[in-house]
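The chain contents come next:
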Amino acid sequence: MDRPVTVSGPAVPGATRSLGMSDVAARAGVSHQTVSRVINEQPNVAAATRKKVLDAIAELGYRPNSAARALVTGSSRTIGLAIANISQYGPAQTLLGLEHAAREAGYFLTVSVLDDDTAGSLIVAVERLATQSVDAIVALSTYEGAVRALPDVSPRVPLIAVQAERGGQDLAVWVDQEAGAALATRHLLDLGHRTVHHVRGPANALEADARERRWRLELESAGAPVPPVLPGDWWPPTGYLAGRELIARRRGGEEVTAVFVANDQMALGLLSAFDEAGIRVPDDISVVGFDDVPEAPYYVPPLTTVRQDFAELGRRVVQAVLARISGTSIQPEPVQPRLLVRRTTAPPPRVS
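All values derive from a computational prediction rather than experimental measurement.

Asks: Mind showing me how you'd approach the pattern of salt bridges here?
Replies: Tallying each qualifying case throughout the model produces 19 salt bridges. Across the salt bridge formed by R249 and E245, the nearest N and O atoms sit 3.1 Å from each other. Here the residue R249 and the residue E245 both occupy positions in helix α10 (residues 236-251), the gap between them amounting to 4 residues, near one helical turn. Look at R249 and you get buried, because its relative accessible area is 14%. The salt bridge involving R249 is made with E254; its shortest N-O contact spans 3.9 Å. Looking at E254, the relative accessible area reads 28%, which means it is partly exposed. Residues joined by salt bridges that share partners form a network here, namely E178, R186, R213, R214 and E218.

Below you can see the structure in the form of structure tokens.
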């Protein structure tokens, strides 16, 4: 907001007006055009002159009018973000990572939260952001229908997708979900488990699809049995129900010694079910999660999990935005996850 200043003179005693570039010019002893060039970071301004202008801006507490600046430069220095499911850990952390990276690059972030994660809601959000003079739009959705609709959207500004895998939008940034699932599954197989059970995420969630697909591929490649998948929805109650189902299978004679859970929150529910039934983790059953939520090191026992680097994801999204704005060709490499081994995994129990 512009800072009000008192204008001296008998005609309008006590009247106020907004502080403007002319005030900065008068304080620095330069022209109005020179102040404009400094504010808009244009070249051909001597270093000493630039310093005088910046000192005057600081002394007066002047804040440039962003709307006027956008008219001069053709840039609002604002990135629009269309996002759903911000109550979930992954989208929320992606939002935070993107906001931090945008701020570091000198950009603002304006957010449109989808009412539901559908193609229609995503298209409406992108079109709404396009009317707000943003320089680029980032769309984040992990549900198949919404992601598949993005290529049909033409917002007249660069559109970058944050998604679960390569494909879809021509410029996309993503964490390699399949690589993360491979890390989790191989870790359990390498410990000596004959097979690995899997609790997946929601139907039509591309991240859940990618993690299940690679889990299955790793088992098949190792010649291991592929057990039936247990359904989930990212939240602890479905992890708890999956745990109860695995307990029933175990009591029915099925070999259950290792579980890869598609996210840490469902893993929390799974651990609760095992604890109630007197099943020891990892002595009886090993468990690996996905995400590395802040609470994961404090689960009982501390959870072995796959970490997604959301800060790096945010940086790569902003790099893609800046490249597209400048007309530079870029195709970012996927962000690689890493396995954090804690205390929920161990070799399988010996059969007496």
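Once you've had a look at it, read on.
Asks: Whenever I open this one, the packing of helix α1 (residues 21-28) against helix α2 (residues 32-39) confuses me. Can you help?
Replies: When two helices pack together, their arrangement is captured by the angle between the axes and the distance separating the axes. At their nearest, the axes of α1 and α2 sit 8 Å apart, and the two run at 105 degrees to each other. It follows from the interaxial angle that α1 and α2 lie roughly perpendicular. Touching M21, S22, V24 and A25 of α1 are H32, V35, S36 and I39, all from α2. Each residue belonging to the contact of α1 with α2 can be placed in one class, and the counts come to 5 nonpolar, 3 polar and no charged.

Asks: What is the right way to look at a nonpolar patch on the surface in this model?
Replies: Together, I86, V111 and V113 make up a nonpolar patch on the protein surface, roughly 210 Å² of accessible area in all. Inspection of the secondary structure assignment puts V113 in strand β4 (residues 108-113).

Asks: Before we go on, may I ask you to explain the nonpolar core in this structure?
Replies: Considering soluble globular proteins, one finds that nonpolar side chains tend to be buried as a cluster. Formed by 50 residues in total, the largest nonpolar core has its most connected members in V138, V199, V259, V261, L270, F274 and V287. Of all the elements in the fold, those that place two or more residues in this core are β3 (78-83), α5 (89-104), β5 (136-140), β6 (159-163), α10, β9 (258-261), α11 (264-276) and α12 (310-326). Sequence-distant contacts of V199, defined by excluding residues within four places in its chain, comprise L230, P231, A242, V259, F260, V261, A262, M266 and L270. Residues L122, A125, L150 and V157 belong to the second largest nonpolar core, which totals 18 residues.

Calculation notes
Residues numbered from 1 in each chain as written. Predicted model: local features only at pLDDT ≥ 70, side-chain atom pairs only at ≥ 80, totals over all residues. Heavy atoms only, no water. Salt bridge = Lys/Arg side-chain N within 4 Å of Asp/Glu carboxyl O. Helix = DSSP H or I, 4+ residues; strand = E, 2+ residues; numbered from the N terminus. Buried < 20%, exposed > 50% of the residue type's maximum accessible area, 1.4 Å probe, protein only. Axes fitted to C-alpha atoms, helices over the stretch in contact; angles between N-to-C directions. Parallel < 35°, antiparallel > 145°, perpendicular 65-115°, else oblique. Contact = heavy atoms within 4.5 Å. Nonpolar A, V, L, I, M, F, W, Y, C, P; charged D, E, K, R; others polar. Patch = residues over 30% accessible without salt bridge, like charges linked within 9 Å, V, L, I, M, F, W, Y side chains within 5 Å. Areas by Shrake-Rupley, 256 points an atom, 1.4 Å probe, with all protein chains shown as cover. Core = buried A, V, L, I, M, F, W, Y, C linked by side-chain atoms within 4.5 Å.

Read these as layout, nothing more, since geometry by itself doesn't imply function.
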